[in-house]
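Descriptive analysis of the structure
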Amino acid sequence: MRGGARLSGTVDVVGAKNSVLKLMAAALLAEGTTTITNCPEILDVPLMADVLRSLGCTVDVAGDTVTIDVPREPGSQADYRSVSKLRASVCVLGPLVARCRKAIVPLPGGDAIGSRPLDMHQSGLRKLGATTEIEHGRVVAQADDLHGAQIWLDFPSVGATENILMAAVLAEGTTIIDNAAREPEIVDLCVMLQQMGAMLEGVGSSTLTVHGVRGLRPTSHRVIGDRIVGATWAFAAAMTRGEVTVRGVDPHHIDLVLDKLRSAGAETTVGEQEFSVSMGGQRPRAVDFVTLPYPGFATDLQPMAIALTAVAQGTSMITENVFEARFRFVDEMVRLGADARTDGHHAVIRGVEQLSSAPVWASDIRAGAGLVLAGLCAEGVTEVWDVDHIDRGYPRFVENLRSLGADVERVTADPTR
C-alpha cells in the first residue's frame, strides 16, 4: 500500500467471525438441518466446516449462508488436521459432551497471540459431571450423565463460557455460570440456543442461568454484525484523517471505541445499524487504551489502537490485560518508524507526524489489519507479509480499502525472497 490517502466513503460489514464459528458448533446440539445466514466469507468458515464434517455432518457453504445437516449420532472425535488450523474449533467440546456424552478434541491451533489454556473449560465440564484429561495432545472428555451445577469462572473467558453453556443446555437440572463472559457474540449464541429450545436466563449479564432440557431442535439464525471489523474501519477513518460510514453493525457494541475516537478528536454519529467517524482532515490526539473483557476495550482492537496512537499528537499508553503476546505487533510498528516502547503489560507510544514505509510481518489476524492501516499512514510503499491471516477475519479487505480511496493491492508472494 502507498500511504497518504484519506479514506472516505461507506463500507458494509457482515457477520461476526467470533460468532459464526461458535454458532456452527452449536448446530451439533440438534439432529437435523440448521441454517446460518449473514456469514462472513472468510477462511475460518470453511475450516470450521471441515471440523464439522470430520464429526459426520454434511456442511454446505454457499456465499453468506452455511447449511449444516447433523446426523442422529455425530462422531465424537474431531480430526486433528482440521482442528489444528483453527483455535475456535475447541468450541465443539461442549456440544459433543452434551450430545454424545464423550468428546476427543485435539488441542487447537490459531493465532500466535499468547497462551490460551483450557483449564476453565475442563473445570466447568467436570462440575457438570464429565471427566476430562489432556492425553497425547487431545482433550478427552466423557460423561455418563450431565447434571446442573454452580460454576464460577476465575476470568470471564469467552471460550469457557461458550463450552460450559453448550454442555449445560442438555444437562439435567439447573446450571448457574457466574462471572460469565458478556460479549455480544455470547448473546448471539444464547439467542440461537433459545431458538433451538434452550431455557436461559440472564442473557447479556455476568450470571447465566441454564435450565437443562431433554433435546433441542435445528433452527435458522442470522449472525450479528462484526463489531471488531466495524471498529477497524472506525480506526482507519481516524488514522487517515478521513470520513467513513460503517453499515451492518450495532454501534452500541462499540460504544467505548467510539468514545475513545471522540477523545482523539473525531466526530461520530450513530444510527440503528450504522455509524460514521469523521476526522475532518485533522491529526488525531493521543489517547490511552486498556484492554479488558467486554464491555471493556477489546484485545482484538489493540493493534489498531497502537497504530492510531503511533500517528497521534502526544504520548499514549496501551495496557494489555488479556493476551500477553499481542505486543509483538509493536516490533513491526517500530520498523514503520513508530516511537514505541514496551514494558510488561504496557506500551508507551509517542506519536509521530508520519510513519515510514518498510516490509513488515503479520503475526495474526488483527496485527495484519493494523499493519495495513499503519501502512496507509506511511510515506512510500509498505509491504505486509503473511496476509493470509487477514483473510481469516476480514472479507474483501483490499476491495473495501480501495472503495474508500486507499492505494493498495494484493500481490503473490515471491518464493525467492
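Residues numbered from 1 in each chain as written. Predicted model: local features only at pLDDT ≥ 70, side-chain atom pairs only at ≥ 80, totals over all residues. Heavy atoms only, no water.

Bringing the overall build of the protein chain into the picture now. When helices and strands are counted, the protein chain shows 14 helices and 23 strands. A compact globule built from 417 residues would reach a C-alpha radius of gyration of about 22 Å, and the protein chain, at 21 Å, matches this within 12%. Projecting the C-alpha coordinates of the protein chain onto the three principal axes gives extents of approximately 65 × 45 × 40 Å. Evaluated residue by residue, the protein chain yields a buried proportion of 55% over its 417 residues. Sequence-distant contacts in the protein chain: of pairs separated by 6 or more residues, those separated by 24 or more amount to 72%. Taken as a whole, the protein chain presents about 16500 Å² of accessible surface, with 46% of it coming from carbon and sulfur. Positive and negative side-chain charges of the protein chain, numbering 38 and 51 respectively, have mean locations separated by a distance of 1 Å. (Helix = DSSP H or I, 4+ residues; strand = E, 2+ residues; numbered from the N terminus. Rg over C-alpha atoms; globule rule 2.2 N^0.38 Å. Buried < 20%, exposed > 50% of the residue type's maximum accessible area, 1.4 Å probe, protein only. Contact = heavy atoms within 4.5 Å. Areas by Shrake-Rupley, 256 points an atom, 1.4 Å probe, with all protein chains shown as cover. Lys, Arg positive; Asp, Glu negative; His and termini not counted. Charge placed at Lys NZ, Arg CZ, Asp CG, Glu CD.)

Attention now goes to the sheet that holds strand 16 (residues 289-290). Read across the open sheet, the four strands follow the order 16-17-19-18; overall the sheet is mixed. If you trace the sheet from one side to the other, it starts and ends with strand 16 and strand 18 (339-343), each paired once. Summarising the sheet, strand 16 and strand 17 (residues 315-319) pair through two bridges and their orientation is parallel. Its bridge partner being in strand 17, phenylalanine 289 is matched across the sheet by isoleucine 318. (Pairing = 2+ DSSP bridges.)

Okay, the side chain of aspartate 250 next. You can see aspartate 250 is positioned in the loop between strand 13 (243-247) and helix 9 (255-263). Buried charge without a salt bridge: aspartate 250, with arginine 227 as the nearest opposite-charge side chain at an N-O distance of 10 Å. Contacts of aspartate 250, omitting those with residues within four sequence positions, involve Glu272 and Gln273. (Salt bridge = Lys/Arg side-chain N within 4 Å of Asp/Glu carboxyl O.)

It is worth spelling out the packing of helix 11 (residues 328-335) against helix 12 (residues 365-375) at this point. Where helix 11 contacts helix 12, the axes come no closer than 11 Å and their chain directions differ by 20°. Classified by the interaxial angle, the pair formed by helix 11 and helix 12 is roughly parallel. Every pair of crossing elements has a handedness; the one defined by helix 11 and helix 12 is right-handed. Where helix 11 abuts helix 12, its residues Phe329, Glu332 and Met333 lie against Ala367, Gly370, Leu371 and Ala374. For the contact of helix 11 with helix 12, the per-class residue count stands at five nonpolar, one polar and one charged. (Axes fitted to C-alpha atoms, helices over the stretch in contact; angles between N-to-C directions. Parallel < 35°, antiparallel > 145°, perpendicular 65-115°, else oblique. Left-handed = near helix turned anticlockwise from the far one by under 90°. Nonpolar A, V, L, I, M, F, W, Y, C, P; charged D, E, K, R; others polar.)

Let's shift gears to the UniProt feature "binding site: phosphoenolpyruvate" (unreviewed entry) in the protein chain. Within the UniProt annotation, "binding site: phosphoenolpyruvate" (unreviewed entry) is assigned to Lys17 and Asn18. Here lysine 17 shows up in helix 1 (residues 17-26). According to the relative accessible area criterion, lysine 17 is buried, its value standing at 9%. Those residues in contact with lysine 17 that sit more than four places away from it in its chain are Pro40, Ile42, Asp44, Asp226, Ile365, Arg366, Arg392 and Gly393. You can see asparagine 18 is positioned in helix 1. The contact partners of asparagine 18, leaving out residues within four places of it in the chain, are Glu162, Glu185, Ile228, Asp300 and Arg366. (UniProt positions renumbered as here; feature names shortened; annotations may be inferred.)

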